[in-house]
Amino acid sequence: MSIEIHKVTARIGARVGGVDLARPLGARTVAALREALNTHKALVFDDVRLDDAGQEAFARHFGDLTTAHPTVPAVEGAPNVLPVDSEQGRANHWHTDVTFVLNPPQASTLRSVTVPPYGGETLIANAAAAYRDLPEPLRRLADTLWAEHTNDYDYAVPEEAVDEEEAVRRAQFTSIRYRTAHPVVRVHPLTGERGLFIGGFAQRIAGLSVPESRKILDLLQAYVTRPENVLRWRWSEHQLVLFDNRITQHYAIDNYDGLPRRLNRVTVAGDVPVGVDGAESRSLEGDASHYTAVAPVAVAA
């Protein structure tokens, strides 16, 4: 196959042509896609004719799959597929997938199933570019910090304003409580790049109070979400997006007036994050072995 890679923005995102994802991919094609993913962080494939099994088969080219989610049910009959369905809640906050477990997915695939006629974009941010944007004193500080990530998410909406259906979803999401300490700056195992590894599940900086933590996390997060670091993807039918979960964040915009929107997600098992000093993340609470195996640690290029 003759793979075509076309950048979407200067810092993140590329459209990929010349690859039929419905067919098994050869080792050279997979290597080329991995290289493109390392460079562009998010890859968009058009005219993708896949069902759930086909999406799983494509994702397996990059490693073993996780199950759909540690606590949220999968698509019936497809234990590796998570329905990202507007009728089951909306993840309209910046996050990296499942960072509350010890080894979050290394990569995520999203496939369009139901696309609203307007709105419903997915934002994907380059956390490596964000780290490079930091002034030197902030980089030195960030290099030393660790953050506690948890699925006991600090929702902005107070409990009394939550309806019964949303309360059930929240209870399910936290039915197993997870807490994990990750380095605020993660070293990518394939490229050696440093990226800010924070997002919505990062709730507290080790050694600081919650209010102090919030100020520092908000300061660092502002660099991640700078417009020049963000791909804003408007979904069409028959599209698939593959993004590097080790070094990006994403956000599903709730701007489609409650219309149906559904993407199906399949994720690839990841390795344990490592900080700039070589120290690995550590689990504080919750066993995720039913959700994901630990991927082998690759050597940085």
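This one's a predicted model, so the numbers in the text were calculated from it and none came from an experiment. (Residues numbered from 1 in each chain as written. Predicted model: local features only at pLDDT ≥ 70, side-chain atom pairs only at ≥ 80, totals over all residues. Heavy atoms only, no water.)

**Student:** How should the environment of R226 be read in this particular structure?
**Tutor:** Mapped onto the secondary structure, R226 falls in the loop between helix 6 (210-224) and strand 12 (230-233). When the C-alpha positions of R226 and R262 are compared, they lie 27 Å apart, and in sequence the two are 36 residues distant. (Helix = DSSP H or I, 4+ residues; strand = E, 2+ residues; numbered from the N terminus.)

**Student:** Explanation requested: the packing of aromatic side chains in the structure shown.
**Tutor:** The description of two aromatic rings rests on the distance between their centres and on the angle between their planes. A complete count under the given rule lists seven aromatic pairs for this structure. For the ring pair W94 and Y251, a centre distance of 5.6 Å and an interplane angle of 55 degrees mean the geometry is tilted. Here the residue W94 occupies a position in the loop between strand 4 (82-85) and strand 5 (107-114), and Y251 occupies one in strand 14 (residues 248-252), the gap between them amounting to 157 residues. Aromatic pair F100 and F173: ring centres 5.8 Å apart, planes at 75 degrees, arrangement edge-to-face. Highlighted residues: F100 in the loop between strand 4 and strand 5 and F173 in helix 5 (residues 164-173), separated in sequence by 73 residues. Assigned by exposure class, F100 and F173 land together as buried. Among the aromatic side chains, those forming a connected cluster through ring pairs are F100, F173, Y178 and F201. (Phe/Tyr/Trp six-rings, centres within 6.5 Å; stacked < 30°, edge-to-face > 60°. Buried < 20%, exposed > 50% of the residue type's maximum accessible area, 1.4 Å probe, protein only.)

**Student:** Help me understand the sheet that holds strand 15 (residues 262-268), please; the structure alone is not making it clear to me.
**Tutor:** In spatial order, the strands read 1-2-3-13-5-15-4; together these seven strands make up an open sheet with mixed pairing. On the outer flanks of this sheet lie strand 1 (4-7) and strand 4, each paired with one strand and no other. Geometrically, the sheet is characterised by an average inter-axis angle of 25 degrees between neighbouring strands, direction not taken into account. The sheet contact formed by strand 5 and strand 15 spans seven bridges and is antiparallel. Of the residues in strand 15, the one forming a bridge with T114 is R262. On the sheet, helix 1 (residues 27-40) packs against strand 1, strand 2 (14-17), strand 3 (42-45) and strand 13 (240-244) and is oriented at approximately 125 degrees with respect to strand 3. Each of strand 3, strand 5, strand 13 and strand 15 is contacted by helix 2 (residues 52-59), which is oriented at about 35 degrees to strand 15, the strand it contacts most. (Pairing = 2+ DSSP bridges. Axes fitted to C-alpha atoms, helices over the stretch in contact; angles between N-to-C directions. Contact = heavy atoms within 4.5 Å.)

**Student:** Quick question: what am I supposed to make of the pairing of strand 7 (residues 146-150) here?
**Tutor:** A regular strand carries its side chains on alternate faces of the sheet. With four of five residues buried, strand 7 lies mostly within the body of the structure. Across five bridges, the pairing between strand 7 and strand 8 (residues 179-183) is antiparallel. Directly across from T150, in strand 8, lies its bridge partner R179. When strand 7 meets strand 11 (residues 202-205), the two strands line up antiparallel, connected through three bridges. Along strand 11, the bridge assignment pairs A147 with I205.

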